[in-house]
Protein chains: 4
Amino acid sequence: MAMVCLTDFEKYAKEHLSKTAWDYFSAGADECYTRDDNLLAYKRIHLRPRVLRDVSESDTRTTVQGTEFSFPVGISTTAYHCLAWHEGETATARAAEALNTCYITSTTSTCSVEEIVAAAPNGYRWFQMVVYQDRRLTEQVVQRVEALGYKALVLTVDMPYLGKRHNNIRNQFKLPPHLQFKNFNGLQKQATVDPKAYITSDPSITWKEVHWLQSITSLPIIIKGILTKEDAVLAVEHSVQGIIVSNHGGRQLDGTLATIDALIEIVDAVKGRIEVYLDGGIRTGSDVLKALALGAKCVFIGRPVVWGLVYKGEEGVREVLQILKDEFRLAMTLSGCRNVAEINRNLIQFSKL
Amino acid sequence: MAMVCLTDFEKYAKEHLSKTAWDYFSAGADECYTRDDNLLAYKRIHLRPRVLRDVSESDTRTTVQGTEFSFPVGISTTAYHCLAWHEGETATARAAEALNTCYITSTTSTCSVEEIVAAAPNGYRWFQMVVYQDRRLTEQVVQRVEALGYKALVLTVDMPYLGKRHNNIRNQFKLPPHLQFKNFNGLQKQATVDPKAYITSDPSITWKEVHWLQSITSLPIIIKGILTKEDAVLAVEHSVQGIIVSNHGGRQLDGTLATIDALIEIVDAVKGRIEVYLDGGIRTGSDVLKALALGAKCVFIGRPVVWGLVYKGEEGVREVLQILKDEFRLAMTLSGCRNVAEINRNLIQFSKL
Amino acid sequence: MAMVCLTDFEKYAKEHLSKTAWDYFSAGADECYTRDDNLLAYKRIHLRPRVLRDVSESDTRTTVQGTEFSFPVGISTTAYHCLAWHEGETATARAAEALNTCYITSTTSTCSVEEIVAAAPNGYRWFQMVVYQDRRLTEQVVQRVEALGYKALVLTVDMPYLGKRHNNIRNQFKLPPHLQFKNFNGLQKQATVDPKAYITSDPSITWKEVHWLQSITSLPIIIKGILTKEDAVLAVEHSVQGIIVSNHGGRQLDGTLATIDALIEIVDAVKGRIEVYLDGGIRTGSDVLKALALGAKCVFIGRPVVWGLVYKGEEGVREVLQILKDEFRLAMTLSGCRNVAEINRNLIQFSKL
Amino acid sequence: MAMVCLTDFEKYAKEHLSKTAWDYFSAGADECYTRDDNLLAYKRIHLRPRVLRDVSESDTRTTVQGTEFSFPVGISTTAYHCLAWHEGETATARAAEALNTCYITSTTSTCSVEEIVAAAPNGYRWFQMVVYQDRRLTEQVVQRVEALGYKALVLTVDMPYLGKRHNNIRNQFKLPPHLQFKNFNGLQKQATVDPKAYITSDPSITWKEVHWLQSITSLPIIIKGILTKEDAVLAVEHSVQGIIVSNHGGRQLDGTLATIDALIEIVDAVKGRIEVYLDGGIRTGSDVLKALALGAKCVFIGRPVVWGLVYKGEEGVREVLQILKDEFRLAMTLSGCRNVAEINRNLIQFSKL
């Protein structure tokens, strides 16, 4: 079967994963309204392509936090890659390195960060984390990834508690015994820490803990999980380096607006003072184009990476990224843009007849 | 089968009730447009969650008519609980007491109010009633429930005549012979009173009868069935203590707007002078959150309580309430609110791209 | 099977008519968009019911062209009733008489106007007609019905040519040989007149022919088939007595707006100078309520009458009318109105959250 | 089977073409959103028909670039007609000639332009082309068609690269070996030219190449593939003779707005200085009417012509055109217009209740 578009990988993954694993990766919270609306929202946004603009040379590169990526799509954080492919996150890391884009490693990866770095020594990576109740543990994690050359910390702020995902509850989902959260090996201080505490944030944290994080690291901090202009302005005021507009793939609070619908008010409020990224619902190159036209500097994909892993590990993820890169280049040129700098809001139809 | 969300109870009830009883409880008027729109309307409303606000401590309690409930969801009035579970309304009352919330007993309960009070002596209860043509009978009912410690009278005003529910007509639905309207035992004066007259209001009543009711009772009066700002303002002017925005679960006039769509104009018109509640269509914790964000002080659920009864009587209703309480707490904290006082209209997205 | 609502009659008719006859009656033009939107449009309009208004006495009567009807629903013109029931239009006429409402007889009835009048001598009737190329024939028709006591002429203006109804073409639909257009027996002068010419209007007619019609009759003239404020104003200026907002049940120009969507601009333009009626898509009492709230003085039903005929002839049509009358009374009282004079635009929700 | 409307031909073609050929002709880019929305958009636009305007004489003729057509529907450019019918484009040309309308011949026709002209010597034709990297080749093509009496050049500007059509990729679609691009026989200079280069434009071209084209031909130039007012204004400023509002039938950039939704801003920007045409989604006469009401001077159809070819070659295309002509005449007269000059924006309902 030819893998032509990202949904081909989705079909493959659904057929080849166990029901429990498929349910885990595809889960949305509650009624899955937000998970699904993340995709549908793109279909409600229409493009206004321009013509006759010499698109013989096209350049999909972008710069994120001062570093050049080959195209404006990175790999968002998802957990448990060993559930999808035996090599787990090391395969993901090699694919991201091969495509020269960013890989946001999950704290709850099933390979250790050392293994990940060893697998793709030249890859550009950010580290997704939460602030634990045990601040010493948090600090150790930060020091560990900083030492390994991670380029930024992505602080997840929409997970003070775990979202309610029906099928995971029905399946009594848990990590199989042969897999572990390797990033905590040798680190933890408190014997009493609940495994679940590795996933969710200390629910008490506020912007004060962002300051604390800034005090213990020299890495840039990116806040992941902002959906309002109010929080975006606070992010700017608290001197973080970026925002990922995200609703956690619809896995946390069901009923939030789609990320692409939240983007524009955030971009308008931030006024270019920091970079704004987005994840959730990206499935085609024209989705990427729409997100950039509405002001995202870069977008990140989650589930499609897992599908790629299920298909063929590193090679599968590379295929997923390459398809999206090719589609993005095609959408960009067919809309009359030669490079990401030429993509702007005029490409979007705001009202119709 | 794990009962994870309220629709699990709905499926169970549909499978275990007789068709006639299921049709009775699930009925909507005419084409059932309003019954269904009550639910769909929530899906059209999008949330704007806030982050990094210390939600380590969360408090779902609220105060209704000066009394504290454990969370802002009460049990709305539905009839004939003995059709759903052999213990009928006594089971419902015990569940409401256990969860420390309000139970609005229906006049047409199949247990007597005395039995209900005896079953859950510490429960907080309101009594749903209509004004009968026979005012003396009406007065006797009021005196009876006032003496039993009911805390308010909920006057149903949207039922001067019975709505047209197709399947009830096709099934020639009536209460089975072993069940009765026990609240009228020993009360009625007029031998000629039609049994149907226990359900529907005297269609002639106006705000004048509200005054009359105020003159014969010291209980607060809550008007149930208001859908417009005009009537809400009249309610304030006639010194009632609260309003339940309701379309009778879509069982009366088909084609009315959904209750959540009616709420905002009523809240704006009432300007906080009296408390505004709502019923209809609440199925998840985020529905509760949306209703509170739009100004409801508390919401009430009807059919889900019946489903809980069908499942396991008192225990089933407790499960239903507990699920909704947990979901509401989660939705509240995931939206950045620590307590109901922090829930406000900023949580709602009013327009999109 | 209990006949509870109008769609019950539709199901019955579909099962009992030949495919060709069913296709004829149910036909819409082209893609049937307008036929279907006539119904769907009502579902997009929401009611704002009022409460506590003493609806113990309710009165569904209305006055149309100075004559009292028992409720604001008349029988619109449809052809070929003998295809639906052996007694044809005589059965329809008796039902309309029994319910004390208006019956707009079609020119292309399969009973003669004399038979119709004889069958229901006390019925109130209007006569639907077109202006033929043969003005003498037209005049003879007018004189014939005027002499028979018809109370108004309903001039169809949306049928200069026959709409394109796919299934009628596929079925090569024509009137069966045992049926005829009896209203032309003994009248026609020109042997060359094409039978099709009995149905469609002379396409050349303009408001000038309306003047001509006024010159040959003392009957009020109602224009049927107006969908714009511009034509409504012209109707007023040309001194006709009424307008039927109609798109011919979606059988003529596909893609027009639904009649209920066209109504409001027409009512606003007419400013009460003449009466405005409507047909198309009425299936429930709340549809009638919405049309009256938006300014229609009376509505007319077409296909449901045919379904009633198929079911049980006169009795079936009476059942259809009675159901609609009961539903309208219920919707009126449940919205807080005692009579048609109290129905107004405040019952309609014009915008939502 | 009676062929009543254009979708009848679509069903026939789907049943009789090979899957690969059907997939080729029906293909849309990516998720086919735009391909499908081109049709759906017409259903969202409502007509306001006028009555009593003497439509006894109706005239569907229009004038395009100073030449009279029998009705405002031409044949848009589609490739590979020999895949649909053994006589290919010669059959299409004869049908267009018979109906006296315009046939835009595709550069990638499977009959040569000489064969096409010979088959229908009196037909009115435009030639669809792109500017190749090999300007000498381009010039030879232009000279060839100019010499043959083609009346305008239609420059496709939305195809700097080929759109991504999933099924064509899956099917590894290519022209069967017995067919060829006959228009390049004897012309090409560069042995290295990739066959794909015959289809797509030199992606480097800008309005400068439009000037160059004007310098080598005396034919009018029509720009095909404009979707924005900005590019429409540029077209006027660069002295072209017309615009075809087109998204290439949804085969190029998926996610663009439907052509009928793009039309109005273009018409408003062009202000009548040049003629504006449209293709995409036209399936009925009322679609044509809506496009003209919104300002198109003429519309063009693509896939329906192919379906007609599959059905019966020239005769099938004639049937398709005749049906659309009859439907357009009917829609025009039923909306109260006698000729295309009377069609205007007042026919369109811009907002509803």
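In this text, all values refer to a predicted model and were calculated from it rather than measured experimentally.

Colleague: Could you give an account of the overall build of chain A, with specific residues and numbers?
Modeller: When you go through chain A residue by residue, the secondary structure sums to 12 helices and 12 strands. At 19 Å, chain A has a C-alpha radius of gyration in line with the 20 Å of a compact globule built from 353 residues. Expressed along its principal axes, the backbone C-alpha trace of chain A runs to roughly 65 × 50 × 40 Å. For chain A, buried positions account for 67% of its 353 residues.

Colleague: How would you sum up the arrangement of the chains? Please name residues and give values.
Modeller: One thing to see here is that chain A and chain C don't touch, and their nearest C-alpha atoms sit 15 Å from each other. No interface is formed between chain B and chain D, the nearest pair of C-alpha atoms being 15 Å apart.

Colleague: I'd like a rundown of helix α1 (residues 6-16) of chain C, residues and numbers included.
Modeller: Buried residues of α1 of chain C: Leu6, Asp8, Phe9 and Ala13 of chain C, and no others. For α1 of chain C, the angular spread of the buried residues around the axis is 150 degrees, confining them to a single face. Relative to its buried face, α1 of chain C has exposed residues pointing more than 90 degrees away, namely Lys14 and Glu15 of chain C. In this fold, the buried residues of α1 of chain C make contact with α7 (166-170) of chain B together with α2 (19-26) and α12 (303-334) of chain C.

Colleague: An account of unusual backbone geometry is needed here, citing residue identities and associated values.
Modeller: Residue and element names in this part refer to chain D. Positive phi values are uncommon outside glycine, yet Asp30 reaches one of about 50 degrees. Looking at the element boundaries, Asp30 is found in the loop between α2 (19-26) and α3 (33-43). Classification of Asp30 as buried rests on a relative accessible area of 14%. A positive phi is found at Leu52, a non-glycine position, where the angle reads about 60 degrees. Its place among the elements puts Leu52 in the loop between β1 (46-47) and β2 (62-64).

Colleague: Before we move on, could you go through the state of the cysteines and cite the residues and values that matter?
Modeller: As enumerated under the stated definition, the model contains zero disulfides over all chains in all. Here Cys111 of chain B stays free of any disulfide, with the sulfur of Cys82 of chain B as its closest cysteine sulfur at 4.1 Å. With a relative accessible area of 6%, Cys111 of chain B lands in the buried category. Here Cys298 of chain C is not disulfide-linked; the sulfur of Cys102 of chain C is the nearest cysteine sulfur, at 7.2 Å.

Colleague: A description of the interface of chain D and chain C should follow, citing residues and the corresponding values.
Modeller: The interface of chain D with chain C comprises 30 residues on the first partner and 41 residues on the second. Overall, the association of chain D and chain C removes approximately 3,100 Å² of surface from exposure, summing both partners, and the carbon and sulfur fraction of that is 62%. Linking chain D with chain C are six salt bridges, by the criterion used here. Of the charged contacts, one joins Arg50 of chain D and Asp231 of chain C as a salt bridge, the two residues approaching to 2.9 Å between their closest N and O atoms. Linking chain D to chain C there are 18 residue pairs in polar contact (both at pLDDT 80 or more). Within the residue set of the side of chain D that touches chain C, elements represented by two or more residues are β1, α11 (285-293) and α12 (303-334) of chain D. At six residues, α12 of chain D tops the list of elements feeding residues into the side of chain D that touches chain C. For the side of chain D that touches chain C, a count of residues per class yields 14 nonpolar, seven polar and nine charged.

Colleague: With reference to specific residues and values, describe the interface of chain A and chain D.
Modeller: Contacts between the two partners involve 30 residues from chain A, matched on the other side by 41 residues from chain D. In total, chain A and chain D occlude about 3,100 Å² of area from one another, counting both sides; carbon and sulfur atoms represent 62% of this. At the surface where chain A touches chain D, the tally comes to six salt bridges. Counting the contacts that link chain A with chain D gives 18 residue pairs in polar contact (both at pLDDT 80 or more). Mapped by element, the contributors of at least two residues to the side of chain A that touches chain D are β1 (46-47), α11 (285-293) and α12 (303-334) of chain A. At six residues, α12 of chain A tops the list of elements feeding residues into the side of chain A that touches chain D.

Colleague: Lay out the relation of the copies chain A and chain D with the relevant residues and their values.
Modeller: One copy of the chain maps onto the other through a rotation about an axis plus a displacement along that axis. Here chain A sits on chain D after a turn of 90 degrees about the axis and a move of 0.0 Å along it, with an RMSD of 0.0 Å. Taken together, the turn and the small shift mark the pair as related by a four-fold rotation axis. Little of the interface of chain A is mirrored in chain D, where only 3% of its interface residues are also at the interface.

Colleague: How would you explain the side chain of Arg48 of chain B if you had to name every residue and give the values?
Modeller: Examined against the element boundaries, Arg48 of chain B turns out to sit in the loop between β1 (46-47) and β2 (62-64). Residue Arg48 of chain B is classed as buried on the basis of its relative accessible area, which comes to 6%. Polar contacts involving the side chain of Arg48 of chain B include one to the main-chain carbonyl oxygen of Asn346 of chain B, which spans 2.9 Å. Here Arg48 of chain B is in contact with Thr228, Lys229, Glu230 and Glu265 of chain A together with Asn346, Leu347, Ile348 and Gln349 of chain B, once residues within four sequence places are set aside.

Colleague: Requested: an account of the relation of the copies chain D and chain C, with residues and values cited.
Modeller: When chain D is fitted to chain C, the best match, at an RMSD of 0.0 Å, comes from turning it 90 degrees and sliding it 0.0 Å along the axis. An asymmetric contact is evident, with only 3% of the interface residues of chain D recurring at the interface of chain C.

Colleague: Quick one: what's the story with the pattern of salt bridges, residue by residue and with numbers?
Modeller: The tally for this structure, following the rule as stated, stands at 96 salt bridges over all chains. Across the pair Glu230 of chain B and Arg48 of chain C runs a salt bridge, and its minimum N-O distance is 2.6 Å. Taken together, the residues span two chains, with Glu230 of chain B in helix α9 (residues 229-237) and Arg48 of chain C in the loop between β1 (46-47) and β2 (62-64). A salt bridge links Glu315 of chain D to Lys312 of chain D; its shortest N-O distance comes to 3.6 Å. With a gap of three residues between them, Glu315 of chain D and Lys312 of chain D both fall in helix α12, about one helical turn apart. Look at the salt bridges and you will find they share partners, linking Glu87, Arg94, Glu314 and Arg318 of chain A into a network.

Colleague: Just give me the short version of the packing of aromatic side chains, but keep the residues and values in it.
Modeller: How two aromatic rings sit relative to each other is given by the distance of their centres and the angle of their planes. Within this structure, the stated rule accounts for 56 aromatic pairs over all chains. Measuring from centroid to centroid gives 5.9 Å for Tyr277 of chain C and Phe300 of chain C, while their planes differ by 85 degrees, and the two rings are edge-to-face. With Tyr277 of chain C in strand β10 (residues 275-279) and Phe300 of chain C in strand β11 (residues 298-301), this residue pair connects regions lying 23 residues apart in the sequence. For the pair Tyr277 of chain C and Phe300 of chain C, a shared accessibility class is recorded, and that class is buried. Taken together, Tyr24, Phe25, Tyr80, Phe173 and Phe181 of chain A form an aromatic cluster joined through their ring pairs. Here the guanidinium or amino end of Arg135 of chain B rests over the ring plane of Trp212 of chain B, the centre of that ring lying 5.9 Å away. Lying across the ring of Tyr150 of chain D, Arg125 of chain D places its NZ or CZ 5.8 Å from the centre.

Colleague: Please give an account of the confidence of the model for chain A that cites residues and values.
Modeller: This prediction gives chain A a mean pLDDT of 95; 96% of its residues lie at or above 70. Model confidence for the complex: the whole-complex pTM is 0.96, and ipTM, which rates the interface, is 0.96.

Colleague: I'd like to hear about α2 of chain C, residue by residue, with values.
Modeller: Residues and elements named next belong to chain C. The element α2 is largely enclosed, with a buried count of six among its eight residues. Where α2 is concerned, the buried positions are Ala21, Trp22, Asp23, Tyr24, Phe25 and Ser26. Contacts from the buried residues of α2 go to α1, α3 (33-43), α7 (166-170) and α12.

Colleague: Lay out the environment of Glu319 of chain C with the relevant residues and their values.
Modeller: Topologically, Glu319 of chain C is positioned in helix α12. Considering only alpha carbons, one finds Glu319 of chain C and Val240 of chain C, 79 residues apart in sequence, at a separation of 33 Å.

Colleague: Before we move on, could you go through the packing of α3 of chain D against helix α10 (residues 259-270) of chain D and cite the residues and values that matter?
Modeller: Residues and elements named next belong to chain D. Where α3 contacts α10, the axes come no closer than 7 Å and their chain directions differ by 70 degrees. In terms of axis orientation, α3 runs roughly perpendicular to α10. Along its contact with α3, which presents Asp37, Asn38, Ala41 and Tyr42, the element α10 presents Thr259, Ile260 and Asp261. In the contact of α3 with α10, the residues fall into three nonpolar, two polar and two charged.

Parameters and conventions
In every chain, residue numbers begin from 1 and rise along the written sequence. Chain letters start at A and ligand numbers start at 1, both assigned in the order the entries are written. Selection of residues for local features in this predicted model requires a pLDDT of at least 70, selection of side-chain atom pairs for listing and counting requires 80 or more, and totals for whole chains, interfaces and linings are taken over all residues. The basis for every side-chain value is the complete set of non-hydrogen atoms in the structure, without hydrogens or water. Numbering of helices and strands runs from the N terminus, with a helix taken as a DSSP run of H or I at least four residues long and a strand as a DSSP run of E at least two residues long. Based on C-alpha atoms, the radius of gyration is set beside the globule rule, defined as 2.2 Å times the residue count to the power 0.38. Buried residues are those whose accessible area, probed at 1.4 Å on protein chains only, stays under 20% of the maximum for their type, while exposed residues exceed 50% and partly exposed ones sit between those limits. Contact criterion: two residues are considered in contact whenever any of their non-hydrogen atoms come within 4.5 Å of each other. The reported arc concerns the directions from the helix axis to the C-beta atoms and nothing else. What counts as a disulfide here is a pair of cysteine sulfur atoms lying within 2.5 Å. Take the accessible area each of two parts loses on contact, using a 1.4 Å probe, and add the two losses: that sum is the buried area. We count a salt bridge whenever a side-chain nitrogen from Lys or Arg sits within 4 Å of a carboxyl oxygen from Asp or Glu. Each polar contact in these results corresponds to two N or O atoms within 3.5 Å; when the atoms are within protein, one needs to be able to donate a hydrogen and the other to accept it, and residues that are neighboring in sequence are counted only if both atoms are side-chain atoms. When residue character is reported, Ala, Val, Leu, Ile, Met, Phe, Trp, Tyr, Cys and Pro are called nonpolar, Asp, Glu, Lys and Arg charged, and the others, Gly included, polar. Superposing copies: least-squares fit, C-alpha atoms only, residues required to have pLDDT of at least 70 in both. Only Phe, Tyr and Trp rings are paired, with Trp represented by its six-membered ring, and only when their centres lie within 6.5 Å; those with planes under 30 degrees apart are stacked, over 60 edge-to-face, the remainder tilted. For a Lys NZ or an Arg CZ to count as sitting over a ring, it must be within 6 Å of the ring centre and within 35 degrees of the ring normal. Residue-level confidence of the predictor, termed pLDDT, takes values from 0 up to 100. Axis definition: a line fitted to C-alpha atoms, over the contacting stretch in the case of helices. Angles run 0 to 180 degrees between N-to-C directions. For classification purposes, angles smaller than 35 degrees are called roughly parallel, those larger than 145 roughly antiparallel, those between 65 and 115 roughly perpendicular, and all remaining angles oblique.

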